[in-house]
Amino acid sequence: MSEIYVPDAGGHLREARLHELRREAERNGRVDGHGIRAAGAPLPPNARVDARASAENGYYGVPLLKAPQWKWEIPFYFFTGGFAGAASIMASFAKLTRADHELVRDARLLAAIGGSISPALLIADLGMPSRFLNMLRVFKFQSPMSMGSWTLVAFSSSTAGLSFLDLTRRRFDLYRSGPGLRVLENAAEFLSVISGAVLATYTGVLIGATAVPVWNENVGILPIHFAASGMGTAASLLELRGHQAPALNGLGIASAAVETVVGASIELRQKPVLNPLKKGKSGWLTRIGGMLAGPLPLALRVWSLFAGGRRKSNLRKVAAVSAVAGSVVTRFAWVQAGKASADDPRIPLQLPPAPASTEQIASASEISPA
Amino acid sequence: MTITAFLTDSTLCIGCKACEVACKEWNGIKADGFQWTGKSYDNTLALGHSTWRHVKFVEGEIDAGRGGNAPGELSWEFSSDVCKHCENAGCLEACPTGAIVRTEFGGVYIQPDVCNGCAYCVVACPFGVVERNEADGRAFKCTFCYDRQKDGLKPACATACPTESIKFGNLDDLRQEGRERVEKLKAKGLADVEIYDPVDSSVGGIHAFFIVRGDPKAYNLPPKPEIPTVYLRKGWTSAAVAAGMMLGGALLAFLGGGRGR
């Protein structure tokens with residue numbers, strides 16, 4: 001009766017074993033031997049140390065936290081919300097300083113496009129998209145998700161209104177229709193700047209104020225990181241649209257410089273909690289995104305200051321493509337790093353990193369007799 | 001209305017999983033399947049959207065008599081895990097729809113008719129309890145049998161538990177009972193017994209505490225759970241600085257732009 005029955009072998013086998021046990025019980029009044037044994041239970045005495053449940057290893061090394069369940073829509077929303085918020089600020093300041101009229105119009109349009117894609121992405125990720133209006137049931141300061149929903153409502157409506165105004169203005173000559181519309185436009189512009197500034201930064205608070213270790217460890221730099229990323233993208237997209245205002249290159253330099261500092265600060269800090277940003281798939285994404293958004297466009301844009309003619313604008317265009325790509329990759333990298341971080345129980349359990357790499361332990365257990 | 005709690009005593013648990021089954025029966029949750037995980041007799045490894053009670057199997061070295069096991073067999077402990085119903089609940093604070101509420105019994109309850117499945121509570125829980133059911137779309141966790149408590153009944157798991165390992169009652173009484181039980185067990189010679197109730201953390205104590213043998217870390221119970229709202233101040237400060245940098249940067253860039261190259 002020392003046979004081990006593996007449940008995976010099929011239902012009939014289990015049933016047969018049960019009948020066998022019943023017959024034995026009828027015959028003898030008792031049953032000796034084993035019932036059904038689970039595969040892997042109890043653990044063999046020579047089980048690897050890192051496969052056990054212990055004070056040094058947690059519960060069999062099983063994740064303690066739940067990994068973020070967001071799909072691609074959310075990191076992509078971080079990207080669209082970021083450049084949209086930055087574009088609304090740029091539109092307003094360009095107008096304030098009487099910059100190129102076309103630039104103002106295109107920046108507003110960029111903000112409006114981002115402002116309409118973003119809610120669509122957020123709603124698409126909801127488990128129950130039909131209930132998206134429940135987001136506006138409450139106003140909760142302590143929930144960044146709630147604050148973000150309200151911000152997005154203000155942003156999407158104000159930027160859509162401004163672009164609608166731009167597109168219809170020329171046709172209907174609206175400035176002559178009186179001061180009412182101008183007051184309305186200024187109010188919408190004010191709202192778009194304030195909500196844009198929140199939209200481009202709050203996503204850092206959103207993921208920073210969670211239980212995921214690699215996110216909350218970086219809660220102090222994430223909003224600045226995301227703001228720079230959004231600003232760099234908005235400037236780059238406008239450059240790719242054909243605008244050559246030096247202000248755009250200036251903002252591109254500033255944001256690439258901030259991104260370079262953020263990348264360096266991640267690389268220089270030696271903490272196990274930051275490992276998802278340096279190792280594995282999420283580590284590669286972080287580094288690729290960081291290079292594309294930071295040092296590369298920074299170098300190209302500074303070079304462009306000393307170049308002339310065609311080369312100047314070509315350098316800026318390459319820098320712009322790099323910065324936009326870097327911004328997308330960076331957002332996905334952070335969500336991927338969050339998943340890797342939540343899967344590692346050693347940080348929330350305050351355990352030191354695993355002493356040896358898994359490969360070493362695996363090869364050691366192959367040598368020892370089973 | 002009295003504030004209620006669970007006291008789950010792993011020294012009495014026999015690992016029968018009746019609590020898991022009773023919970024599924026009462027709440028109409030789908031089965032998790034008959035697969036073993038390869039980690040002792042554990043089926044699901046963790047709590048989740050379809051597992052609101054979860055029996056953990058912690059196997060130790062051969063230790064004759066420990067936990068009543070036969071000589072020559074590995075010693076083991078069982079502990080039935082459940083939502084902690086935190087005093088300061090991360091999921092409740094994070095919920096943007098107000099779907100997650102505090103009941104009159106002190107429990108944390110997700111209203112299934114309000115939740116829209118944004119999944120933010122999933123990353124706000126320091127115990128990894130809440131999970132979105134991707135087939136259904138909404139987030140689920142232990143309801144503390146709010147419906148049963150409303151009718152003056154004990155939660156299904158506590159009712160089904162054959163050894164009274166799961167005790168249900170008044171929060172303060174059970175906390176006291178738990179402390180006394182630990183003292184009693186220690187007096188009997190079980191030196192490694194302790195109660196898991198992180199009152200000193202920002203979670204501010206839980207409404208489902210556990211008596212375990214050995215280090216709570218072996219049961220994936222974090223030594224210092226933090227409610228994520230503690231990071232808000234730093235985060236919003238940084239957001240304000242970032243917003244200032246954007247506004248200032250844009251202003252400078254466009255003011256300087258006039259003289260541009």
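Residues numbered from 1 in each chain as written. Chains lettered and ligands numbered in written order. Predicted model: local features only at pLDDT ≥ 70, side-chain atom pairs only at ≥ 80, totals over all residues.

Okay, the overall build of chain B next. Assigned secondary structure in chain B consists of 7 helices and 10 strands. Along the first, second and third principal axes, the C-alpha set of chain B runs to 90 × 40 × 40 Å. By residue count, 52% of the 261 residues in chain B fall in the buried class. If you take every contact in chain B between residues at least 6 apart in sequence, the share linking residues at least 24 apart comes to 60%. (Helix = DSSP H or I, 4+ residues; strand = E, 2+ residues; numbered from the N terminus. Buried ≥ 20, exposed ≤ 12 C-beta atoms within 10 Å, placed from the backbone. Contact = placed C-beta atoms within 7 Å.)

What follows covers the overall build of chain A. Scanning chain A from terminus to terminus reveals 12 helices and 0 strands. In chain A, the succession of helices and strands from N to C terminus is α-α-α-α-α-α-α-α-α-α-α-α. Sequence separation of 24 or more characterises 77% of the internal contacts of chain A that already satisfy a separation of 6 or more.

This part covers the nonpolar core. Cys 91, Cys 121 and Met 246 of chain B are the most contacted members of the largest nonpolar core, which has 166 residues in total. Sorting elements by how many residues they give to this core places helix H2 (residues 73-96) of chain A first, with 13 residues. Contacts of Cys 121 of chain B, omitting those with residues within four sequence positions, involve Cys 91, Ala 94, Cys 95, Ile 100, Val 130 and Ala 139 of chain B. (Core = buried A, V, L, I, M, F, W, Y, C linked by C-beta atoms within 7 Å.)

Now for helix H6 (residues 171-187) of chain B. Residues and elements named next belong to chain B. Taking 1.5 Å as the rise per residue, H6 with 17 residues should run 24 Å; its terminal C-alpha atoms sit 24 Å apart, in good agreement. Of the positions making up H6, those classed as buried are Leu 171, Leu 174 and Gly 178. Buried residues of H6, viewed axially, fall in a sector of 60°; they line one side. Residues of H6 that are exposed and angled more than 90 degrees away from the buried face: Asp 172, Gln 176, Glu 180, Glu 183, Lys 184 and Ala 187. Residues of H6 that are buried in the fold lie against strand S1 (4-9), strand S8 (166-170), strand S9 (193-196) and strand S10 (208-213). (Expected span 1.5 Å × (residues − 1). Arc of directions from axis to C-beta.)

Glancing now at the interface of chain B and chain A. Taken together, the contacts link 70 residues of chain B with 74 residues of chain A. Counting only elements with at least two residues in the side of chain B that touches chain A, the list comes to strand S2 (53-62), helix H2 (90-94), helix H3 (120-124), strand S6 (131-132) and helix H7 (232-257) of chain B. In terms of residues, the side of chain B that touches chain A owes the most to one element, H7 of chain B, which gives 20 residues. Grouping the constituent residues of the side of chain B that touches chain A by class yields 40 nonpolar, 18 polar and 12 charged. (Nonpolar A, V, L, I, M, F, W, Y, C, P; charged D, E, K, R; others polar.)

This part covers the pairing of strand S3 (residues 74-82) of chain B. Residues and elements named next belong to chain B. For S3, the buried fraction is high: 7 of the 9 residues fall into the buried class. Sheet topology places S2 next to S3; 8 bridges connect them, and they run antiparallel. In the sheet register, Phe 57 faces S3, and the bridge partner there is Phe 78. (Pairing = 2+ DSSP bridges.)

On to the packing of helix H3 (residues 101-125) of chain A against helix H4 (residues 144-172) of chain A, then. Residue and element names in this part refer to chain A. The interhelical angle for the contact between H3 and H4, taken along N-to-C directions, is 140°, at an axis separation of 8 Å. As the angle between them shows, H3 and H4 are arranged oblique. As H3 runs across H4, the sense of the crossing is left-handed. Taking contact as the criterion, the partners of Arg 105, Arg 108, Leu 109, Ala 111, Ala 112, Gly 115, Ser 116, Ser 118 and Pro 119 in H3 are, on H4, Leu 152, Phe 155, Ser 156, Thr 159, Ala 160, Leu 162, Ser 163 and Asp 166. (Axes fitted to C-alpha atoms, helices over the stretch in contact; angles between N-to-C directions. Parallel < 35°, antiparallel > 145°, perpendicular 65-115°, else oblique. Left-handed = near helix turned anticlockwise from the far one by under 90°.)

Residues and elements named next belong to chain A. When pLDDT is averaged along chain A, the result is 88, and 85% of the positions lie at 70 or above. Per-element confidence in chain A is highest for helix H7 (residues 222-240), whose mean pLDDT is 98, and lowest for helix H12 (residues 358-367), whose mean pLDDT is 40. Low pLDDT, under 50, characterises residues 1-12; the stretch is placed with 15 contacts to residues that sit more than four places away or in other chains. Below pLDDT 50 for its whole length, residues 357-370 participates in 6 contacts with residues either more than four positions away or in separate chains. (pLDDT = per-residue confidence, 0-100.)

All names here are of chain B. The backbone of Leu 45 sits at a positive phi, close to 70°, despite the residue not being glycine. Within the secondary structure layout, Leu 45 lies in the loop between helix H1 (18-27) and S2. Here the phi dihedral of Phe 144 falls at roughly 60°; this positive angle occurs in a residue that is not glycine. Relative to the elements of secondary structure, Phe 144 occurs in the loop between strand S7 (139-140) and helix H4 (146-150). The exposure class assigned to Phe 144 is buried, which follows from the 25 C-beta atoms found within 10 Å.

For the rest of this paragraph, the subject is the sheet that holds S10 of chain B. Residue and element names in this part refer to chain B. Here we have 4 strands laid out as an open sheet, ordered S8-S1-S10-S9, and mixed in their pairing. Unpaired on one side and paired on the other, S8 and S9 mark the two borders of the sheet. The mean angle between the axes of side-by-side strands here comes to 20°, regardless of whether they run parallel or antiparallel. Where S1 lies against S10, 4 bridges are found, and the strand directions are parallel. For Asp 9, the partnering residue across the bridge sits in S10 and is Ile 211.

Residue and element names in this part refer to chain A. The interhelical angle for the contact between helix H9 (residues 280-293) and helix H11 (residues 309-342), taken along N-to-C directions, is 155°, at an axis separation of 7 Å. One element, H9, and the other, H11, form an angle in the roughly antiparallel class. The element H9 and its partner H11 pack so that their crossing is left-handed. Contacts from Gly 280, Lys 281, Ser 282, Leu 285, Thr 286, Ile 288, Gly 289, Gly 290, Leu 292 and Ala 293 of H9 reach H11 at Ser 322, Ala 323, Ala 325, Gly 326, Ser 327, Val 329, Thr 330, Phe 332, Ala 333, Gln 336, Ala 337 and Ala 340.

Before going further, it helps to spend a moment on the environment of Pro 246 of chain A. All names here are of chain A. One can find Pro 246 in helix H8 (residues 246-268). What makes Pro 246 partly exposed here is the crowd of 17 C-beta atoms within 10 Å. The sequence separation of Pro 246 and Leu 305 amounts to 59 residues, and the corresponding C-alpha distance is 9.4 Å.

Before going further, it helps to examine the environment of Lys 56 of chain B. Residue and element names in this part refer to chain B. In this structure, Lys 56 sits in strand S2. Overall, Lys 56 belongs to the buried group, with 28 C-beta atoms counted inside 10 Å. A sequence separation of 164 residues divides Lys 56 from Asn 220, and the C-alpha atoms of the two residues are 9.4 Å apart.

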